[in-house]
Amino acid sequence: MNAVAPLKLMIVDDSNIIRRRIERSQQIDRLQVVGAAANGREALELFERTDPDVVTMDLTMPEMDGIECVERLVARKPAVLILVVSALADKATAVEAIARGANGFLCKPFTDRQLNDALTELLQGA
Amino acid sequence: MLTDAEIRTFVDGATHYFEVAARQPAAVGSPYLATDGPPAVHEYTGVIGISGRRKGAVCFTAPRSMLMVLLMRMNETDTSEANMRDLIGEVANTISGNARRDFGRDFVISAPSVVAADDGRFVAPAAARPFVIPINWRSHSAKLIVCLE
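Attention in this report is confined to the structure presented alongside it. In this text the structure is predicted, and so the values were computed from the model without any measurement.

1. Regarding the overall build of chain A
Phase 1 of the analysis: The number of helices and strands found in chain A is five helices and five strands.
Phase 2 of the analysis: In chain A, the succession of helices and strands from N to C terminus is β-α-β-α-β-α-β-α-β-α.
Phase 3 of the analysis: Its C-alpha atoms give chain A a radius of gyration of 13 Å, within 12% of the compact-globule value 14 Å for 126 residues.
Phase 4 of the analysis: Taking the principal axes of its C-alpha atoms as reference, chain A extends roughly 45 × 30 × 25 Å.
Phase 5 of the analysis: Buried positions account for 55% of the 126 residues belonging to chain A.
Phase 6 of the analysis: Accessible area for chain A stands at about 5800 Å²; split by element, carbon and sulfur atoms hold 47% of it.
Phase 7 of the analysis: Within chain A, one finds 15 positive and 19 negative side-chain charges whose respective centroids are separated by 2 Å.

2. A word on the nonpolar core
The tendency in soluble globular proteins is for nonpolar side chains to be buried as a group.
Phase 1 of the analysis: Counting residues in hydrophobic clusters, the biggest one holds 64 residues, and the most contacted among them are F10(B), F18(B), F60(B) and L144(B).
Phase 2 of the analysis: Per element, the largest residue contribution to this core is seven residues, and it comes from helix 1 (residues 4-21) of chain B.
Phase 3 of the analysis: In terms of nonpolar packing, the next biggest core, distinct from the first, is built from 18 residues, V54(A), L81(A), V85(A) and L106(A) among them.

3. Brief notes about empty space enclosed by the protein
Phase 1 of the analysis: Tallying each qualifying case throughout the model produces one cavity of 30 Å³ or more.
Phase 2 of the analysis: The computed volume of the largest cavity comes to approximately 70 Å³.
Phase 3 of the analysis: In this structure, the largest cavity is lined by I18(A), R21(A), K108(A), P109(A), F110(A), Y17(B), A21(B), M74(B), E90(B) and T94(B).
Phase 4 of the analysis: At the level of secondary structure, the elements contributing two or more residues to the lining of the largest cavity comprise helix 1 (16-25) of chain A together with helix 1 and helix 3 (81-98) of chain B.
Phase 5 of the analysis: Its residues assigned to classes, the lining of the largest cavity comprises six nonpolar, one polar and three charged.

4. A closer look at the environment of G101(A)
Phase 1 of the analysis: Within the secondary structure layout, G101(A) lies in the loop between helix 4 (91-99) and strand 5 (104-107).
Phase 2 of the analysis: Discounting chain neighbours no more than four positions away, the residues touching G101(A) are V70(A) and V74(A).

5. Some remarks on the packing of helix 2 (residues 40-50) of chain A against helix 3 (residues 66-76) of chain A
Residue and element names in this part refer to chain A.
Phase 1 of the analysis: One way to put it is that helix 2 packs onto helix 3 with a least axis distance of 10 Å and a crossing angle of 15°. Here helix 3 runs roughly parallel to helix 2, going by the angle between their axes. As for the relative orientation of helix 2 and helix 3, their crossing is right-handed in sense. For the pair helix 2 and helix 3, the contacting residues are G40, A43, L44, F47 and E48 in the first and C69, R72, L73 and R76 in the second.

6. Section: the packing of helix 1 of chain A against helix 3 of chain B
Phase 1 of the analysis: Relative orientation of the contacting elements helix 1 of chain A and helix 3 of chain B amounts to 90°, with a least axis distance of 8 Å. The angle between helix 1 of chain A and helix 3 of chain B places the two elements in the roughly perpendicular class. The segment helix 1 of chain A lies against helix 3 of chain B, with N16(A), I17(A) and I18(A) engaging N83(B), D86(B), L87(B) and E90(B).
Phase 2 of the analysis: Classifying every residue of the contact of helix 1 of chain A with helix 3 of chain B by side-chain character gives three nonpolar, two polar and two charged.

7. What to know about the pattern of salt bridges
Phase 1 of the analysis: By the definition in use, this model includes 20 salt bridges over all chains.
Phase 2 of the analysis: Residue E71(A) is joined to R100(A) by a salt bridge in which the shortest nitrogen-to-oxygen separation is 2.9 Å. Of this pair, E71(A) sits in helix 3 while R100(A) sits in the loop between helix 4 and strand 5, placing them 29 residues apart in sequence.
Phase 3 of the analysis: Notably, a salt bridge pairs D117(A) with R113(A), separated by 3.9 Å at the nearest N-O pair. Of this pair, D117(A) and R113(A) both sit in helix 5 (residues 112-123), four residues apart, which is roughly one turn of that helix.
Phase 4 of the analysis: Taking the relative accessible area as the measure of exposure, D117(A) reaches 43% and is therefore partly exposed.
Phase 5 of the analysis: Three or more residues joined by partner-sharing salt bridges are found here, namely D13(A), D58(A), K108(A) and E90(B).

8. Examining the pairing of strand 7 (residues 131-137) of chain B
Residue and element names in this part refer to chain B.
Phase 1 of the analysis: Across the seven residues that make up strand 7, a large majority, six, are buried.
Phase 2 of the analysis: Of the pairings in the sheet, the one linking strand 1 (residues 27-28) to strand 7 comprises two bridges and is antiparallel in character. Looking at strand 7, one finds that A27 is bridged to N136.
Phase 3 of the analysis: Where strand 2 (residues 32-33) and strand 7 come together, two bridges link them in antiparallel fashion. Bridge assignment links L33 to a residue of strand 7, and that residue is F131.
Phase 4 of the analysis: The pairing of strand 7 with strand 8 (residues 140-148) spans seven bridges and is antiparallel. Across the sheet, residue I133 finds its bridge partner in strand 8, namely L144.
Phase 5 of the analysis: Taken together, strand 7 and the strand that follows it, strand 8, pair antiparallel across an intervening segment of two residues, in which R138 is found at a positive phi of about 55°.

Conventions used here
- Residues numbered from 1 in each chain as written.
- Chains lettered and ligands numbered in written order.
- Predicted model: local features only at pLDDT ≥ 70, side-chain atom pairs only at ≥ 80, totals over all residues.
- Heavy atoms only, no water.
- Helix = DSSP H or I, 4+ residues; strand = E, 2+ residues; numbered from the N terminus.
- Rg over C-alpha atoms; globule rule 2.2 N^0.38 Å.
- Buried < 20%, exposed > 50% of the residue type's maximum accessible area, 1.4 Å probe, protein only.
- Areas by Shrake-Rupley, 256 points an atom, 1.4 Å probe, with all protein chains shown as cover.
- Lys, Arg positive; Asp, Glu negative; His and termini not counted.
- Charge placed at Lys NZ, Arg CZ, Asp CG, Glu CD.
- Core = buried A, V, L, I, M, F, W, Y, C linked by side-chain atoms within 4.5 Å.
- 1 Å grid on protein atoms, 1.4 Å probe; cavity = no way out; pocket = protein on both sides within 12 Å on 5 of 7 lines; lining within 4 Å.
- Points joined across faces, edges and corners; volume = space filled by probe spheres on them.
- Nonpolar A, V, L, I, M, F, W, Y, C, P; charged D, E, K, R; others polar.
- Contact = heavy atoms within 4.5 Å.
- Axes fitted to C-alpha atoms, helices over the stretch in contact; angles between N-to-C directions.
- Parallel < 35°, antiparallel > 145°, perpendicular 65-115°, else oblique.
- Left-handed = near helix turned anticlockwise from the far one by under 90°.
- Salt bridge = Lys/Arg side-chain N within 4 Å of Asp/Glu carboxyl O.
- Pairing = 2+ DSSP bridges.

Shown next, in the form of structure tokens:
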């Protein structure tokens, strides 16, 4: 029986606490964390090095915001799955993130269960 | 000046934050307008600058003891100074960002900046008077300060 290779997960958030929390709480066997970045610019560099399949992306960050980063990541790898994890709770922001290429949106604050449900739903499209 | 409905947005935001992130509700007290100078702050203050259709700042200020317990409730074992500062900024960011549900996307929020209470006072934007929302959680007291033109 062949084992299925895990999908590579990159975490992008300017909060170390949130980065660690996502890393700690994601219980999905199919995901393996390959790195974390604190802003959009770092994320682009890390993306080149690690070629992740799945990304969690904050929106409000210094250097380069998440919306711009989503667009750039999708341009480099259209098949990448991106879950936006942001406190920005207005509908227009979620709609724009999806329009730029994100595949899902999870609003902060979130429970571990909400995070895992959102990632599970995301992976159903993989 | 904030309307009652706008103040309610921030009260609800603070309530929601503790219910979800800390998995333990906070008692959010009656908001009041700071009339006797700028409100005193605790050891850590996270400040979110607001621009766009509204201008000003949203601040969450809390003592170290509260942040320590909050980190533990999040299963975070790293209680370093850096993580304390990170947390205070993240709380301010989350409550401010959630407010866009009511204020809309023209309520533009900055990345958080964190200040230690060297002078013990919050410096409000010149043209706005700060509303203070008291937050009591477990045995700790904190404040959400909303200051919008």
